[in-house]
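One letter stands for each residue in the lines below.
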Amino acid sequence: MNRHVTSGRWGLGLVLSLFTIFVWGGLPIILKIMLISLDAFTMTWYRFVVAAVLMAPIVYRQGHFGLVRRLKGGYALVFLASVIGFSCAYVFYPQSLQYISPSAAQVVNQISLLFLLLGAMLFFHERMALIQVLGLLLLTGGIVLFFNEQLSELWSGDSAMIPGILWVTAAALALSTYTLTQKQLLQILPTSVILFLIYLFGSILILPFVRFESLLVQDTQQMILLNASAVISLVAFVTLVESLKHLEVFRVSMVLAAVPLVTVVDMMILAPLLPGLLQPEHLNLLSISGAVLVVIGSILGNLRRSVKSV
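These numbers come from a predicted model, not from an experiment.

Colleague: Just to check I follow, could you spell out the overall build of the chain for this structure?
Modeller: Counting its secondary structure elements, the chain contains 14 helices and zero strands. Going from N to C terminus, the chain has its helices and strands arranged as α-α-α-α-α-α-α-α-α-α-α-α-α-α. Computed over its C-alpha atoms, the radius of gyration of the chain comes to 19 Å, within 12% of the 19 Å expected for a compact globule of 310 residues. Projected onto the principal axes, the alpha-carbon positions of the chain cover approximately 55 × 55 × 40 Å. By residue count, 46% of the 310 residues in the chain fall in the buried class. Relative to all contacts within the chain whose residues are 6 or more apart in sequence, the contacts with residues 24 or more apart total 87%. Element-wise, carbon and sulfur atoms account for 70% of the exposed surface of the chain, whose accessible area totals about 15,600 Å². Charged side chains of the chain number 16 positive and 11 negative; the gap between the two group centres comes to 22 Å.

Colleague: I keep staring at a nonpolar patch on the surface and nothing clicks. Help me out?
Modeller: On the surface, Val265, Met268, Ile269, Leu270, Leu273, Ile288, Val292 and Ile296 cluster together into a nonpolar patch covering about 650 Å² of accessible area. Sorting the residues of the nonpolar patch by element identifies helix H13 (259-273) and helix H14 (285-309) as the ones contributing at least two each. With five residues, the single largest contributor to the nonpolar patch is H13. The topology assignment puts Ile288 in helix H14.

Colleague: Just checking my understanding: could you explain helix H9 (residues 191-206) for this structure?
Modeller: Quick reminder: α-helices carry 3.6 residues per turn. Residues three or four places apart thus point the same way. Spanning 16 residues, H9 covers 22 Å between terminal C-alpha atoms, matching the ideal 22 Å at 1.5 Å per step. Residues Ser192, Val193, Ile194, Leu195, Phe196, Leu197, Ile198, Tyr199, Gly202, Ser203 and Ile206 constitute the buried set of H9.

Colleague: Help me understand the environment of Asn109, please; the structure alone is not making it clear to me.
Modeller: Among the structural elements, Asn109 can be located in helix H4 (residues 102-109). Placed 44 residues apart in sequence, Asn109 and Glu153 show a C-alpha to C-alpha distance of 20 Å.

Colleague: I would appreciate a short explanation of the nonpolar core in the present structure.
Modeller: Nonpolar side chains in soluble globular proteins tend to end up buried together. Counting 61 residues, the largest nonpolar core has Phe147, Leu189 and Tyr199 as the members making the most contacts within it. With 10 residues, the single largest contributor to this core is helix H2 (residues 40-62). Among residues more than four places away in sequence, those in contact with Phe147 are Ala104, Val108, Leu154, Met161 and Ile165. Ranked by size, the runner-up nonpolar core spans seven residues in total, among them Ile21, Val255, Leu256 and Val262.

Rules behind the numbers
- Residues numbered from 1 in each chain as written.
- Predicted model: local features only at pLDDT ≥ 70, side-chain atom pairs only at ≥ 80, totals over all residues.
- Heavy atoms only, no water.
- Helix = DSSP H or I, 4+ residues; strand = E, 2+ residues; numbered from the N terminus.
- Rg over C-alpha atoms; globule rule 2.2 N^0.38 Å.
- Buried < 20%, exposed > 50% of the residue type's maximum accessible area, 1.4 Å probe, protein only.
- Contact = heavy atoms within 4.5 Å.
- Areas by Shrake-Rupley, 256 points an atom, 1.4 Å probe, with all protein chains shown as cover.
- Lys, Arg positive; Asp, Glu negative; His and termini not counted.
- Charge placed at Lys NZ, Arg CZ, Asp CG, Glu CD.
- Patch = residues over 30% accessible without salt bridge, like charges linked within 9 Å, V, L, I, M, F, W, Y side chains within 5 Å.
- Salt bridge = Lys/Arg side-chain N within 4 Å of Asp/Glu carboxyl O.
- Expected span 1.5 Å × (residues − 1).
- Core = buried A, V, L, I, M, F, W, Y, C linked by side-chain atoms within 4.5 Å.

Written as structure tokens, this is what we have:
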């Protein structure tokens, strides 16, 4: 198989990857607002249905529907694990936002890097380099610094934030499961088909928990926000894939590592403007420094593995 060579249009690649981080950085804030009137299951189910409807004509135009027959034997089990992991991640993450802020959720969510590296070692026999170990140490230290004002409460077990941290950690583990299983599925299916099938079967998996009555009482603004969350998250994934055509993987990974900082800045700007919808965060210098450390740790944790795959 020929090695992929970037187009050299680094400016376009940078713009596309920046669009992705701005969407992913702002999405938790949109989810936080939607949770005022919707539960995590109903919201995720609707987002999956919209994404599946949007992906269907793309897969059809590519002529890839027939490739579904390749999902048999062991690959069928891998696909099932992928659907469960993806669906759980998309339910657990908004569930965490009922207990913690979008900024806190994004910072803790970076723990998914640890799960990915451990999974790569266990299932693909990849080795963890020293720079990745250093990245994980910085990431962990950054998370601790971010919660420096709540450490005593968290340590005592009395903090109301604990359920949120547990939910987002579970979401990170679930999403890592999806990422690792997708790597196997890419051997037999293109990304577009995998996404379409996961959105389709994920919506079926979540269906028994959906509260349709809550969807019926959403006003126009809430429905616009709900549809926008589904569309822009799918578009952001497409722009991410497109950016990889123009930039090396490790460069895109370095840009994506800044997502928590985008969320922190977005919350600083939007919380005072939307006092009825968002609760202002009071981050001290140590908390902000912790978020920066998390970003640096994520970059280092991805660096060797990303460079190797270029």
